[in-house]
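Structural features, examined
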Amino acid sequence: MEAPLRFEYDDEGDILYINKVSPYPEQETDQLEYNVLARRNPRTGAIENLEILFFTRWLLKQDQPEVRGLRELFAEPGTATRG
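On a predicted model such as this, the values are computed, not experimentally measured, just so you know.

Conventions we followed
Residues numbered from 1 in each chain as written. Predicted model: local features only at pLDDT ≥ 70, side-chain atom pairs only at ≥ 80, totals over all residues. Heavy atoms only, no water. Helix = DSSP H or I, 4+ residues; strand = E, 2+ residues; numbered from the N terminus. Buried < 20%, exposed > 50% of the residue type's maximum accessible area, 1.4 Å probe, protein only. Pairing = 2+ DSSP bridges. Contact = heavy atoms within 4.5 Å.

**Focus: the environment of Glu-26**
- Examined against the element boundaries, Glu-26 turns out to sit in the loop between β2 (15-19) and β3 (28-33).
- Residue classification places Glu-26 among the exposed residues on the basis of a relative accessible area of 52%.
- A sequence separation of 17 residues divides Glu-26 from Arg-43, and the C-alpha atoms of the two residues are 9.7 Å apart.

**Focus: the pairing of strand β5 (residues 47-53)**
- Pairing analysis gives 5 bridges linking β2 to β5, with the strands arranged antiparallel. By the bridge assignment, Leu-16 is partnered in β5 with Ile-52.
- Where strand β4 (residues 36-40) folds back onto β5 in an antiparallel hairpin, the turn is made up of 6 residues, including Gly-45, whose phi is positive at roughly 80 degrees.

**Considering the pairing of β3**
- With 5 bridges joining them, β3 and β4 adopt antiparallel strand pairing. What sits directly across from Gln-31, in β4, is Leu-37.
- Hairpin connection between β3 and β4: a loop of 2 residues separates the two successive antiparallel strands, and Asn-35 in this loop has a positive phi of roughly 70 degrees.

**A short note on unusual backbone geometry**
- The phi torsion at Asp-14 lies on the positive side, around 55 degrees, for a residue other than glycine.
- On the basis of relative accessibility, which here comes to 9%, the residue Asp-14 falls in the buried class.
- The backbone of Asn-35 sits at a positive phi, close to 70 degrees, despite the residue not being glycine.
- Tracing the backbone through its elements, the reader meets Asn-35 in the loop between β3 and β4.

**Examining the side chain of Asn-49**
- With respect to the helices and strands, Asn-49 occurs in strand β5.
- Overall, Asn-49 belongs to the buried group, its relative accessible area being 1%.
- Those residues within four positions of Asn-49 in sequence are excluded, and the remaining contacts are Ile-18, Asn-19, Lys-20, Val-21, Ser-22, Pro-23, Gln-27, Leu-37, Ala-38 and Arg-39.

Here it is as structure tokens:
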């Protein structure tokens, strides 16, 4: 049975982490796309972690209102605080 994926979001850095395992120093890092990094198992080459940099900028289209993070993006209508 494969380990479930864990999703973590860093509000300050605007980075979405998708992890099969906890990151470790021996992993090899590759850039898959602009602002998308993969961490691979050094023995098998299997992708164990993904990092999507500037996630909310990538997620949102230019014609949508500015959002400062995932909490605000998925907030119930009328509950998001803007400042």
